[in-house]
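Fold and geometry: a report
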Amino acid sequence: MLSPQNSEPRLMRYVLLLCFTKCLKALGIFESYDLLKVVHIVQFTFLLKLGSAFFLVLFQKPFSSGKAVTKHQWIRIVKHAFGGCIISLLWFFGLTLCGPLRTVLLFEHSDIVVISLLGVLFTSSGGGPAKTRGAVFFIIAVICLLLFDNDDLMAKIAEHPEGHHSSALTHCLHRVISFLGVADHKGGVLLLVASLCFKVGFNTASRKLSVDIGGMKRLHALSQLVSVALLFPWVIVLSATTESNVESWSSLIMPFGTVIFSVMVLDFYVESICATKMEASRSACYSSSLIFLSALLLANFWTHPITDQLRAMNKPVHHEITEHVLSGGVVVSAVFFMLATSILSSPSRKGHKGTLIGYSPEGTPLYNFMGDALQQTSQSLPRFIKESLKQILEEYDSRQIFYFLCLNMAFTFVELFYGVWTNSLGLISDGFHMLFDCSALVMGLLAALMTRWKATRIYSYGYGRVEILSGFINGLFLVVIAFFVFVESVTRVWDPPDINTDMLTPVSVGGLLVNLIGVCAFSHAHSHGNSRGGCQSHEHNHVHHGHGHGHGHSHSEHGHGHSHGHNHSHSSSGGGMNANMRGVFLHVLADTLGSIGVIVSTLLIRQFGWLIADPICSLFIATLIFFSVIPLLKDSCQVLVLRIPVEHEKDLSGALEKIQNLDGVISYRDPHFWRHSASVVAGTVHVQVMSDVVEQRIIQQVTAVLKEAGVNNLSVQVEKEAYFQHMSGLSTGFQEVFEMTKQMESLSHYKDGTYIM
């Protein structure tokens, strides 16, 4: 076995070899793009297969080495070659649509990366949060190429005037892309993503077949040779039926030789060597990153000598050179692809979350697995969506939000569709306005879902506070909207613009009907918010079954006289503010008021020509929205800054007085009470007691008193004389309590509760 000192230099040699190979492959792909301008895609694929078959048969000698190939194996090789031809044709067609740089970014990914990506999306053993993050980066990179690429310049690359396709194959492929309703280069992106998935499946099948054939290199050589035989009749037919754009085939010998050597032969051999000499994950990461960087450099400095000659041979001539343009979307996509490759190709860290706590007598290391280490890995995307939808439909509030969100989205897309169909800018703008409003509903739905997630080791209180944050953000959002509407309305009061009211009435009436449904669905949230814990007055006044448990421990026999008690109660007797639902309700109410304002102003403008009615209605609505949101912001801020719940403030004061008067209790200190979520009021308190009392009895009494006051998540610390003696040496603040304890213990008392000296 190689020592670490000797293995590192050898590893660096393989990395440098891989770097050189990937640079040459990127150069070969750029060369291929220029060749495909003058050579038909089927002819191009045939020539590459022919050249690579010549090299592989010459060096591998597949017919003389290994066992004889049986008839059944030849059939499997033919199927393998046919699949390889299909993938190659799709790859090169995507190259003609997207250009070489985009093709490298989308297609040149290792099998490990793609399998990890598909595992995260479609299986339950995705590999944890890191792999999920890598999958998200990969998806973002593809979206950047679809949405943020330079569409105008890229569209010219894939320009194909109808009736001028070079063959029926390219015509059919273009028709399929046009059927999807996307631009050609975007269709090329989707085609390359699909081809990448096919390639991974093809490579997996190849590895299984290579075991029977006698190795991957022998299978590759035979498959390339069979591919030539499959494509040869097609090439003959094309040569006889189509006009060639090539003026001199001899001038293309050198570029074809470069492509065959760098793309088809050298890359295959170097990948095979590095896969055996390096870790597969490291090889995959280096391969993709190196070819991405090489393609970015070549896209910016592509000045090959034959480029001008190839462009001159192309018919018709492109007057504007835009083949290798760099855009912001491509650069961002390349960064995200490299991040995704680095994460998805890294080995899984399962089983490494334990903490070393010692060794057994035999010397075996002992690990402690607790909390998050015992939880499942991240779920697959379909399973996560299914489980989330199930949780949403189980709970009343989230179910109401989900139904209204579906209704709102349906009306939004109807408006957009009808607006595009009738070319109505008013309908289109209102459709996007409602789509924008759906973001508040989505945020409220996510908050309602997250509040039901179980507590973890890190988030020990759970995610109940998310609903408070959601309500606060929705409130801030409405304040900003009200402010801008108010400012714009003041401007329009002095100079009312002309308004086209033709489409305003039907759009506003439709929006009003949808929003009225939402107001009715979420009206209970408004009543809860205004009733200050009066949840029992609503239809949810069914009996809540609560249960609690407490535990305490004392160390008085070891010299420490303090005890801790903790109580959880799941009773909902004192219902609280659901800021999330109030925020959703106010957002829907704001849209309802907006629709009413539009209808009223439209009628006034039509009947009396009062253009000022529109800004005046907007002023009134903006003011109403602002003042209706203030209570939500005030209440949610009080929760976020851990204020004592207003509805429990009086009860808690009385409860502390009762605790002070309990038998055996000297005093209490550091009482802290706060609302954690709509259904949880938490608290902690330190109780000083006499040395002869039973701690568990005090804990039960204190817990019962505070539970009546509305605290359903309580921690009680009981402190005795031994604890004061210990702490008085550390802090002078405990000396007064210690003296009070001695004084109280010097008292004797009768059974009727009167004290005497």
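These numbers come from a predicted model, not from an experiment.

Calculation notes
Residues numbered from 1 in each chain as written. Predicted model: local features only at pLDDT ≥ 70, side-chain atom pairs only at ≥ 80, totals over all residues. Heavy atoms only, no water. Helix = DSSP H or I, 4+ residues; strand = E, 2+ residues; numbered from the N terminus. Buried < 20%, exposed > 50% of the residue type's maximum accessible area, 1.4 Å probe, protein only. Contact = heavy atoms within 4.5 Å. Areas by Shrake-Rupley, 256 points an atom, 1.4 Å probe, with all protein chains shown as cover. Salt bridge = Lys/Arg side-chain N within 4 Å of Asp/Glu carboxyl O. Phe/Tyr/Trp six-rings, centres within 6.5 Å; stacked < 30°, edge-to-face > 60°. Pairing = 2+ DSSP bridges. Right-handed = clockwise from strand over helix to strand, strands pointing away. Core = buried A, V, L, I, M, F, W, Y, C linked by side-chain atoms within 4.5 Å. pLDDT = per-residue confidence, 0-100. Patch = residues over 30% accessible without salt bridge, like charges linked within 9 Å, V, L, I, M, F, W, Y side chains within 5 Å. Expected span 1.5 Å × (residues − 1). Bend = angle between axes of the 7 residues up to and from the residue.

Further remarks concern the overall build of the protein. When helices and strands are counted, the protein shows 24 helices and nine strands. Classification of the 757 residues of the protein by burial places 46% in the buried group. A fraction of 77% describes how many contacts in the protein between residues 6 or more apart in sequence connect residues 24 or more apart. Carbon and sulfur atoms form 65% of the exposed surface of the protein, whose accessible area is close to 39,200 Å².

Taken as a whole, this structure holds 13 salt bridges when the rule is applied. Note that Asp 34 and Lys 37 form a salt bridge whose closest N and O atoms lie 3.5 Å from each other. Considered together, Asp 34 and Lys 37 belong to a single accessibility category, that of buried residues.

We now examine the packing of aromatic side chains. A complete count under the given rule lists 16 aromatic pairs for this structure. Here Phe 138 and Phe 337 contribute two aromatic rings whose centre-to-centre distance is 5.1 Å and whose plane-to-plane angle is 75°, an arrangement assigned as edge-to-face. With Phe 138 in helix H5 (residues 129-147) and Phe 337 in helix H13 (residues 328-344), the pair connects residues that are 199 residues apart, well separated along the chain. Considering the side-chain rings of Phe 268 and Tyr 269, the 5.6 Å spacing of their centres and the 75° angle between planes classify their relative orientation as edge-to-face. Across the pair, Tyr 269 and Phe 268 agree in class, each one buried. One aromatic cluster in this structure is built from Phe 44, Trp 91, Phe 92, Phe 107 and Phe 256.

Another aspect to go through is the pairing of strand E7 (residues 713-719). Strand residues, when the strand is regular, have side chains that alternate between the two faces of the sheet. The buried fraction of E7 amounts to six of the seven residues, a majority that puts the element mostly inside the structure. Alignment of strand E6 (residues 681-689) against E7, held across seven bridges, turns out to be parallel. Note on E7: the bridge partner recorded for Val 685 is Val 716. Taking the sense of rotation as the criterion, the β-α-β connection linking E6, helix H22 (residues 695-708) and E7 turns out right-handed.

Right, let's get into the nonpolar core. Soluble globular proteins tend to pack their nonpolar side chains together in the buried interior. Counting 76 residues, the largest nonpolar core has Phe 44, Leu 48, Phe 92, Leu 101 and Phe 337 as the members making the most contacts within it. Counting residues per element, this core draws most heavily on helix H3 (residues 71-107), at 15 residues. In this structure Leu 101 touches Phe 30, Ala 295, Leu 296, Ala 299, Leu 326 and Val 330, once residues within four positions along its chain are discounted. Counting residues in hydrophobic clusters, the runner-up holds 32 residues, among them Phe 472, Ala 590, Ile 625 and Leu 633.

Comment: phi is negative for the bulk of residues other than glycine, and the bulk of peptide bonds are trans. Even without being glycine, Lys 61 reaches a positive phi, approximately 50°. A residue is classified by how much of its surface remains accessible, and Lys 61, at 47% relative accessible area, is partly exposed. If you check the backbone angles, Asp 670 has positive phi at about 50° while not being a glycine. Here Asp 670 is to be found in strand E5 (residues 665-675).

Per-residue pLDDT for the protein averages 75, and the proportion of residues at 70 or more is 71%. This stretch, residues 313-322, has a pLDDT under 50; its non-local contacts, to residues over four places away or in other chains, come to 16 contacts. The model gives residues 369-378 a pLDDT under 50, and that stretch makes 22 contacts with residues more than four places away or in other chains.

A surface patch of nonpolar side chains, about 750 Å² in accessible area, is lined by Val 480, Phe 483, Phe 484, Phe 486, Val 487, Val 490 and Trp 494. Along the chain, Phe 483 turns up in helix H17 (residues 466-494).

Next up on the list: the environment of Leu 36. Structurally, Leu 36 is set in the loop between helix H1 (4-35) and helix H2 (41-60). In sequence terms Leu 36 and Phe 92 are 56 residues apart; their C-alpha atoms lie 8.2 Å from each other. Among residues more than four places away in sequence, those in contact with Leu 36 are Ile 41, Phe 44, Phe 92, Leu 95 and Thr 96.

Take helix H11 (residues 280-300) next. For H11, with 21 residues, the first-to-last C-alpha span of 31 Å sits near the 30 Å given by 1.5 Å per residue. Counting buried residues in H11 gives 15 out of 21 residues, a clear majority hidden from the surface.

Take the pairing of E6 next. For E6, a buried count of eight out of nine residues is recorded, marking the element as mostly surrounded by other parts of the structure. For E5 and E6, the ladder comprises eight bridges, and the chain directions are antiparallel. Across the sheet, Trp 674 pairs through a bridge with Ala 682, a residue of E6. Counting the residues in the hairpin turn of E5 and E6 gives five residues.

Right, let's get into the environment of Lys 25. Looking at the element boundaries, Lys 25 is found in helix H1. In this structure the C-alpha to C-alpha distance between Lys 25 and Val 259, which are 234 residues apart in sequence, comes to 7.7 Å. With sequence-adjacent residues up to four places away left out, Lys 25 is seen in contact with Glu 108, Ser 262, Val 263, Asp 267 and Ile 291.

On to helix H10 (residues 253-277), then. The end-to-end C-alpha separation of H10 is 34 Å, in line with the 36 Å expected for 25 residues at 1.5 Å each. Along its length, H10 shows its largest kink, about 40°, at Leu 266.

With respect to the secondary-structure elements, Ala 295 resides in helix H11. Judged by relative accessible area, which is 0%, Ala 295 ranks as buried. In this structure the C-alpha to C-alpha distance between Ala 295 and Phe 30, which are 265 residues apart in sequence, comes to 8.3 Å.

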